[in-house]
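Residues per chain, in single letters:
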Amino acid sequence: MSIQKIAKYSKYFDLLVIHDDNMALPFSEVAKQLFKKVTYRKSSELTEELLTCHLLIFCTAEEVVSPALLKTVTGSVQRLESILFATRHSDARMLRCALSLRAFSASDVPNTEEAFVTEMLKVFPSLIKKHNEGIIEGHHRYILEHSNYLFAINKGGKVIYANEPMRRYFNAAHLSELEPYINTEEITSILNTPGSNQKVITRADKSDTANSEYLCNTYPMKEGETLIGFLPLHASLQNCGKRLLNRMSFIELLKDAFVIHASEDESIPIVMIHIENAEKIIQHNGENVYNDLCKELVLLAQNHFGKEAEIAQWHKDVYTLISSNTTIEEFKTVLEGFHKEAALHVTKNGAVPVLDSFVIDLEGVDLNKAISIIDHIQQKQLLSADLKNLAHHEISAAHTNKGEKGDALHHLEMLMLSKAPLKLLNFYKGIRINTPARIVKLADGMVYIAIEKIQGYAMKLEQQTVIQAANLPFDLQANVKIVDVAKKICVLSQFHPLKASANNRQYIRIQSDHRMHVTMTSAKSSMSGTILDISIKSIACQVKLLKSPPELESLMLLQFNLPLASADNGMVNMVVEGRVQYVQPGDDFTKIVVVLDLQEPFESYLIDYIYSRQQALINEIKMIANKL
């Protein structure tokens with residue numbers, strides 16, 4: 001049984017092993033290979049110190065485990081799952097020990113790698129499930145603790161639970177301190193009304209010096225308990241007119257939309273407006289200017305999208321909008337008009353918001369996927385799987401001063417959003433490798449691209465590539481950070497535009513599979529060297545260091561043997577003329593490029609050779625790439 005079966009999961013988990021003193025642990029080496037972190041603790045050294053791990057393994061050779069030890073382990077180790085390894089694991093006392101530990105299983109101490117992997121295969125489905133559930137629970141807790149929505153659970157006039165925002169808002173150290181705010185005549189009348197209820201109430205605020213309005217919701221629960229929710233109606237953007245929702249409230253609207261359209265073949269469009277330069281505005285102009293700009297944008301959005309539209313502040317720099325009576329095409333048209341007017345009129349103290357907006361169709365996705373699409377856009381971590389839900393994209397024209405790298409990433413993001421085709425360009429021994437590719441993800445200034453194997457191998461050799469697309473205003477050169485030829489994926493970074501198109505190289509330049517000697521003769525001297533590469537129009541040669549290199553544009557006669565399958569002995573003697581185009585003296589040799597003036601039959605010989613060599617190189621790189 002291969003260790004690789006669980007290695008792809010175990011590398012994300014921490015393991016804690018608690019064992020008897022002097023007890024042999026034959027699985028320690030394989031555990032070290034598998035898990036991200038492995039910690040060992042002797043039973044006699046355990047204290048009340050809190051320990052955390054994903055998986056706990058308790059190993060014992062004792063016949064009876066001390067109740068005090070069990071209590072210490074269960075109380076001080078925070079974990080997702082546990083396993084008991086014992087020499088007497090089937091003994092009734094050991095089974096009771098396993099129950100005390102809430103262990104997933106009890107078995108012999110594994111003596112081989114295969115036995116240990118077998119035990120891990122049993123527990124990992126449960127471990128992964130609990131880990132994923134913990135992530136979701138953490139997200140829910142974060143939303144609840146960072147929302148403006150205050151709620152408490154009331155039972156018989158007593159507050160038995162209140163979320164953290166409510167405790168903070170009313171400055172309550174104990175639940176009993178919240179009861180004067182809940183046990184009022186107005187709220188009692190709502191509680192006495194059967195079912196769920198919603199009402200705007202006015203009451204003295206927490207300072208008891210002024211009256212405030214709250215949206216009060218009540219939801220009956222089990223055993224006489226009632227959930228009471230308060231939404232203070234005086235947030236910083238409330239004076240925009242219609243009440244602005246927060247992230248949590250918008251998620252509730254999404255839930256309702258999914259329920260309504262669950263059995264219908266209808267789109268569920270929403271609009272997302274991202275203020276791309278929010279941090280820059282705050283840094284240079286301050287929070288007050290930024291808040292004023294946001295108010296203007298919200299007012300403008302309310303005027304354009306109508307009274308039916310519900311607008312929410314999803315994040316500090318993201319606003320989301322939903323309207324049950326607006327179609328995708330209508331959203332597109334309105335969003336275009338909104339952008340045009342925002343570009344003309346929304347400004348404050350010289351600050352102008354740069355907007356990046358989307359119409360997103362959430363048909364066929366679940367709530368978690370809907371949330372992740374919005375977050376991926378806001379965090380600049382778009383996945384190719386998100387693109388099918390992006391129905392329209394609108395962007396401000398004010399994308400300036402981003403710098404060379406910022407401009408490149410912006411154009412690549414537009415390329416991904418428009419699903420426009422692109423190609424990558426590399427060279428392998430002189431031949432051009434130019435195959436289609438697809439952007440999979442953008443994140444943290446890097447671009448993840450699906451590639452062909454042949455391209456991947458060429459990229460691996462050059463450690464850079466050129467990105468080309470009809471929608472790009474310039475070719476982009478990029479460094480290769482990671483390339484996996486077998487999985488056909490690469491990660492690119494450090495982008496910069498090329499001043500000239502990479503397509504300017506008009507002729508294929510071929511490198512020979514062996515050293516091709518050449519004799520070069522000019523009016524003043526004769527020299528010998530080797531051919532670096534050869535094309536139908538020029539030859540690049542390497543010669544020994546010259547005291548007096550040939551002058552540019554001077555005539556040069558070249559003689560060399562060219563491999564040719566159709567010639568006698570597989571070789572033809574080439575005698576060709578040309579003019580010196582380029583001379584580059586180096587530390588060890590001089591490079592000379594000669595532009596050829598070919599006559600027949602030498603031109604035909606050279607074309608035949610270049611074509612044959614090109615096919616051989618293509619087959620060579622394909623064969624190498626397919627083996628990787």
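Here the structure is shown first, and the text comes after it.
Residues numbered from 1 in each chain as written. Predicted model: local features only at pLDDT ≥ 70, side-chain atom pairs only at ≥ 80, totals over all residues. Heavy atoms only, no water.

## Section: the packing of aromatic side chains
Okay, so step 1: Enumeration according to the criterion identifies twelve aromatic pairs in this entry.
Okay, so step 2: Between Phe27 and Phe85 the ring centres are 5.7 Å apart and the planes differ by 70°, which places this aromatic pair in the edge-to-face class. Taken together, the residues Phe27 in the loop between β1 (14–19) and α2 (28–34) and Phe85 in strand β6 (residues 81–86) connect sequence positions 58 residues apart.
Okay, so step 3: Residue classification places Phe85 among the buried positions, given a relative accessible area of 0%. (Phe/Tyr/Trp six-rings, centres within 6.5 Å; stacked < 30°, edge-to-face > 60°. Helix = DSSP H or I, 4+ residues; strand = E, 2+ residues; numbered from the N terminus. Buried < 20%, exposed > 50% of the residue type's maximum accessible area, 1.4 Å probe, protein only.)

## Looking at the side chain of Gln378
Okay, so step 1: For Gln378, the location among the structural elements is in helix α13 (residues 367–378).
Okay, so step 2: Not counting the four nearest positions on each side in its chain, Gln378 is found in contact with Met272, His274, His315, Asp317 and Val318. (Contact = heavy atoms within 4.5 Å.)

## Things to note about the packing of helix α9 (residues 247–260) against α13
Okay, so step 1: Here α9 crosses α13 at 135°, and the two axes come no closer than 10 Å. By the angle between their directions, the pair α9 and α13 is classed as oblique. Pair α9 / α13 crosses with right-handed handedness. For the pair α9 and α13, contact is made by Arg247, Ile251, Leu254, Lys255 and Phe258 and by Leu367, Ala370, Ile371 and Asp375, respectively.
Okay, so step 2: Its residues assigned to classes, the contact of α9 with α13 shows six nonpolar, no polar and three charged. (Axes fitted to C-alpha atoms, helices over the stretch in contact; angles between N-to-C directions. Parallel < 35°, antiparallel > 145°, perpendicular 65-115°, else oblique. Left-handed = near helix turned anticlockwise from the far one by under 90°. Nonpolar A, V, L, I, M, F, W, Y, C, P; charged D, E, K, R; others polar.)

## Brief notes about the environment of Leu16
Okay, so step 1: Counting through the fold element by element, Leu16 comes out in strand β1.
Okay, so step 2: Separated by 348 residues in sequence, Leu16 and Gly364 place their C-alpha atoms 42 Å apart.
Okay, so step 3: Other than its neighbours up to four places away in sequence, Leu16 contacts Thr39, Arg41, Leu51, Cys53, Leu55, Leu56, Ile57 and Val77.

## A closer look at the pattern of salt bridges
Okay, so step 1: A full pass over the atoms with the stated rule returns seven salt bridges.
Okay, so step 2: Across the salt bridge formed by Glu620 and Lys429, the nearest N and O atoms sit 2.9 Å from each other. Within this pair, whereas Glu620 is found in helix α16 (residues 602–627), its partner Lys429 is found in the loop between β19 (422–428) and β20 (431–443), the two being separated by 191 residues in sequence.
Okay, so step 3: According to the relative accessible area criterion, Lys429 is partly exposed, its value standing at 32%. (Salt bridge = Lys/Arg side-chain N within 4 Å of Asp/Glu carboxyl O.)

## Here we look at the sheet that holds strand β16 (residues 318–322)
Okay, so step 1: Strand order in the open sheet formed by six strands is β13-β15-β16-β14-β17-β18, and the pairing between neighbours is mixed. Unpaired on one side and paired on the other, β13 (245–246) and β18 (390–395) mark the two borders of the sheet.
Okay, so step 2: Where strand β17 (residues 355–361) lies against β18, five bridges are found, and the strand directions are antiparallel. Counted as the bridge partner of Ile360 is Leu390 from β18.
Okay, so step 3: α9 rests against β13, β14 (269–275), β15 (310–315) and β16 of the sheet, and its axis sits at about 125° to β15.
Okay, so step 4: The strands touched by helix α12 (residues 328–345) within the sheet are β14, β16, β17 and β18, with β17 carrying the most contacts at an inclination of about 175°. (Pairing = 2+ DSSP bridges.)

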